[in-house]
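Listed below, chain by chain, are the residues.
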There are 2 protein chains.
Amino acid sequence: MITANAKAVHGADQPFTSTEIERRDLKAQDVLIEIKYAGICHSDIHSARGEWGPVQYPFVPGHEIAGIVSQVGPEVTKYAVGDRVGVGCMVDSCGKCAHCHDGEEQYCEEGMTGTYGSVDRYGQYTQGGYATHIVVTQDFVVRIPDALELDAAAPLLCAGITTYSPLRHWGAAPGKKIAVVGLGGLGHMAVKLAHAMGAEVTVLSQSLKKKEDGLKLGASHYYATSDEETFKTLANSFDLIINTVSAKIDINAYLSLLAVDGTLVNVGAPSEPLPVQVFSLIPKRRSFAGSSIGGIRETQEMLDFCAEHGIKPEIEVISADRIDEAWERVMASDVKYRFVIDISTL
Amino acid sequence: MITANAKAVHGADQPFTSTEIERRDLKAQDVLIEIKYAGICHSDIHSARGEWGPVQYPFVPGHEIAGIVSQVGPEVTKYAVGDRVGVGCMVDSCGKCAHCHDGEEQYCEEGMTGTYGSVDRYGQYTQGGYATHIVVTQDFVVRIPDALELDAAAPLLCAGITTYSPLRHWGAAPGKKIAVVGLGGLGHMAVKLAHAMGAEVTVLSQSLKKKEDGLKLGASHYYATSDEETFKTLANSFDLIINTVSAKIDINAYLSLLAVDGTLVNVGAPSEPLPVQVFSLIPKRRSFAGSSIGGIRETQEMLDFCAEHGIKPEIEVISADRIDEAWERVMASDVKYRFVIDISTL
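Note that the structure is a prediction, hence the values are computed from the model and not measured.

*Asks:* Hey, could you run me through the relation of the copies chain B and chain A in this one?
*Replies:* Superposition of chain B onto chain A requires a rotation of 180° combined with a translation of 0.0 Å along the rotation axis, giving an RMSD of 0.0 Å. Taken together, these values place the two copies in the relation of a two-fold axis. If distances are taken from each C-alpha of chain B to the rotation axis, the shortest is found for proline 275 of chain B, at 1.9 Å. Both copies share a contact surface, since 100% of the interface residues of chain B are interface residues in chain A too.

*Asks:* Can you walk me through the pairing of strand E11 (residues 200-205) of chain B in this structure?
*Replies:* Along any regular strand the residues' side chains alternate between the sheet's two faces. Residues and elements named next belong to chain B. Of all six residues that make up E11, five are buried, and the element is covered over most of its length. In this structure, strand E10 (residues 177-181) lies alongside E11, joined through five bridges in parallel fashion. Bridged to alanine 179 within E11 is threonine 202. Taking the sense of rotation as the criterion, the β-α-β connection linking E10, helix H5 (residues 185-196) and E11 turns out right-handed. In the sheet, E11 pairs with strand E12 (residues 221-224) via four bridges, with the strands oriented parallel. Each residue of the ladder has a partner; that of leucine 204, found in E12, is tyrosine 223. Tracing the backbone out of E11, into helix H6 (residues 211-217) and back to the parallel element E12 gives a crossover that is right-handed.

*Asks:* Looking at this model, I keep getting lost on the pattern of salt bridges. Mind explaining?
*Replies:* Where charged atoms of side chains with opposite charge meet at close range, the side chains can pair. Summed over the entire model, instances satisfying the criterion amount to 42 salt bridges over all chains. Across the salt bridge formed by aspartate 146 of chain B and arginine 84 of chain B, the nearest N and O atoms sit 4.0 Å from each other. Here arginine 84 of chain B lies in strand E5 (residues 84-87) and aspartate 146 of chain B lies in the loop between strand E9 (142-143) and helix H3 (150-153), a separation of 62 residues in the sequence. Judged by its relative accessible area of 70%, aspartate 146 of chain B is exposed. The residue lysine 336 of chain B makes a salt bridge to aspartate 213 of chain B at a minimum N-O spacing of 3.5 Å. With lysine 336 of chain B in the loop between helix H10 (323-331) and strand E18 (338-342) and aspartate 213 of chain B in helix H6, this residue pair connects regions lying 123 residues apart in the sequence. Connected through shared salt-bridge partners, Glu316, Arg322, Glu325, Arg329 and Asp334 of chain A make up one network.

*Asks:* Just to check I follow, could you spell out the pairing of strand E13 (residues 238-243) of chain A for this structure?
*Replies:* Residue and element names in this part refer to chain A. Counting buried positions along E13 yields five of six residues, so the element is predominantly enclosed. Where strand E10 (residues 177-181) and E13 come together, four bridges link them in parallel fashion. Across the sheet, residue alanine 179 finds its bridge partner in E13, namely isoleucine 241. The pairing of E13 with strand E14 (residues 258-266) spans five bridges and is classified as parallel. Along E14, the bridge assignment pairs phenylalanine 238 with leucine 258.

*Asks:* Sorry, what's going on with helix H4 (residues 159-169) of chain A here?
*Replies:* Residues spaced three or four apart along an α-helix point in a common direction, a consequence of the helix completing one turn every 3.6 residues. Residues and elements named next belong to chain A. Across the eleven residues of H4, nine count as buried, placing the element largely inside the fold. Restricting attention to buried positions, one finds in H4 the residues Ala159, Gly160, Ile161, Thr162, Thr163, Tyr164, Ser165, Pro166 and Leu167. The secondary structure elements touched by the buried residues of H4 are E10, helix H5 (185-196), E13, E14, helix H9 (296-309) and strand E18 (338-342). The positive-phi residue at the C-terminal boundary of H4 is glycine 171, with phi of around 75°.

*Asks:* Whenever I open this one, the domain arrangement of chain A confuses me. Can you help?
*Replies:* How big an interface is tends to be stated in terms of accessible area lost as the parts join. Residue and element names in this part refer to chain A. You can read the domains of chain A as domain 1 (2-157 + 312-345) and domain 2 (160-290). One C-alpha centre belongs to domain 1, the other to domain 2; they are set 28 Å apart. With eleven residues of domain 1 in contact, the opposing surface of domain 2 contributes 14 residues. Both sides of the domain 1 and domain 2 interface together cover about 1000 Å² of buried area, and 51% of this is carbon and sulfur. Looking at the side of domain 1 that touches domain 2 residue by residue, the class counts come to six nonpolar, one polar and four charged.

Rules behind the numbers
Throughout, residues of each chain are indexed from 1 in the direction in which the sequence is written. Whichever chain is written first is A, and whichever ligand is written first is 1; the rest continue in order. Only residues with pLDDT of at least 70 get local features here, since the model is predicted, and only at 80 or more are side-chain atom pairs given and counted; chain-wide, interface and lining totals rely on the full set of residues. Each side-chain value is worked out from all heavy atoms of the structure, with water and hydrogens disregarded. Least-squares superposition aligns the copies on the C-alpha atoms of those residues with pLDDT at or above 70 in both. Whether two residues are in contact is decided by their heavy atoms, any of which lying within 4.5 Å being enough. Burial classes: relative accessible area under 20% of the type maximum marks a residue as buried, over 50% as exposed, and values in between as partly exposed (1.4 Å probe, protein chains only). Counting from the N terminus, the helices are DSSP H or I runs at least four residues long and the strands are E runs at least two residues long. One requirement defines pairing of two strands: DSSP has to find at least two bridges between them. Crossover handedness is defined here as right-handed if the route from the first strand over the helix to the second strand goes clockwise, with the strands pointing away from the viewer. Any carboxyl oxygen of Asp or Glu within 4 Å of a side-chain nitrogen of Lys or Arg constitutes a salt bridge here. In this entry, domain limits derive from an automatic or database-based domain assignment. Summed over both partners, buried area is the accessible surface (1.4 Å probe) that two parts give up on being assembled. In this classification, Asp, Glu, Lys and Arg are treated as charged, Ala, Val, Leu, Ile, Met, Phe, Trp, Tyr, Cys and Pro as nonpolar, and every other residue, Gly included, as polar.

Spelled out as structure tokens, the structure:
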């Protein structure tokens, strides 16, 4: 076993403490990564607090991981010691089913292995990236292009791919009108990515507080959803709406903003159901969909796209002793736009 | 003005009485149709009772119309006296917007003119097909192929196109697994059409009462939704689900039957909202959509497809004095599978 230092919570309402965790000894195809930076994702909080199902404590979150390869197994062909690499929300899958074959491991029929909170194929409970090291099979490691700094690259591994994938799947491109609901960690990436793909981007945010930011990030329009006029002005106008908000929203009001054949895609996951009026869908053949991360091949494509287009998340790098405080601020939407932990301070 | 005999209701809870209605004198592009048969659609009942918004009485329903051209305006080029023709749910649209241009008049930006319960571009309140004659501009008339009998053709104009259009739009074809929820007027057409398109069809009905029928209509499988095992057995298995039920269903249970990238399309329109758990959508990139009839071009394509494949609805032809009774039976789901009024008895 390989020992890593980590920050863990020992219960749903507990603060972080320093701990040691064990990573498996390198299998033939494994890569040992010295983690440099780990992003803080809202999912980390939901998961650690048991809000998305029971978890095992101590619990080490973190699925936005950027680091350097420090050791490789004997059959590793894709990476060498010193390579700049990343790991996102999954660390393994069956590798045999149709979805794995298609490079969409997130839909693996046996279920993919989550970076934390899963039991892997060796029977070990997975622990995430708020740690100094992680061991991952090479097929679930992606290369971070030289043009991307490691700290800024980290949030791309979840916030980046979670927004990139639906934008690609539903055809973000020049001539398309796309709205992004919520300007947080995911939302600000959706704006940057959709803009880089050539779409006309509108931000729908509760207030106009972040309007200047939104326009700088690449939006052409910015509307407050607290203003009822917004829903009249923008009725029937979007080809695609990416909803990054994980709280309950008035879903029918947002569906009414879709043009014929438009789709509203939730990447945020509210725990309460959203009551959909079927009449919001039928008369304009609208769709309400959900999307989850992306496959490994698409994650690499997204990193290369970001490098090529000079796209990186807006981040605030923090030391490891400030994770609890950062979580509080994430809960209060008080972050522009992603916290990244400097693992050297851990 | 042209006078037609008709059956009308004079209030939400009133029975039908015989009446006379006026149709406009033929404009240059108008066709006068002598109606031979009119199908009874569940929408007729919802509309006549004001359940989908206020209507004007006397109210003549009927948007599944089959008849013979008996007179044409001077600029009519598409039809001649004696032609076998049909009229569906719409009788006009702006003709200028992008959707009209694309042959999807149902999505007309100015709103299409409904066959009944609409105000047309001449300021007249439209009255439907439970009548001896109707006047319709030639672009909203379709040709009924010789291979289709007029009585059986009538229900194709709504029940046929309402199921044909989403099956085509979402790619019903060999290799696709499609479920049809509810085996009524729309459901039985969806089964026949999806089967003819080469898909593998499963009926999901409350009980197994109509199982033999369903298999005869073209389904390969038939399951009772009252049996909880059904939802376990069929989990993650359908590419497309056509929900024809207009009552409230447990939408998340049905969404759980969709494979990755699968879509559940409502063509039934429950008045209560359906509470969608976003977690029913996200992990498999599923969609929940709605669809409404189809354009005129697609309606003609559907009629030609039915003629070519020998598809026709199962109908029970009734005389005009039995409409009230037929409506009661539609409400009680006691029809196999569509009532058609013989207008010669009116």
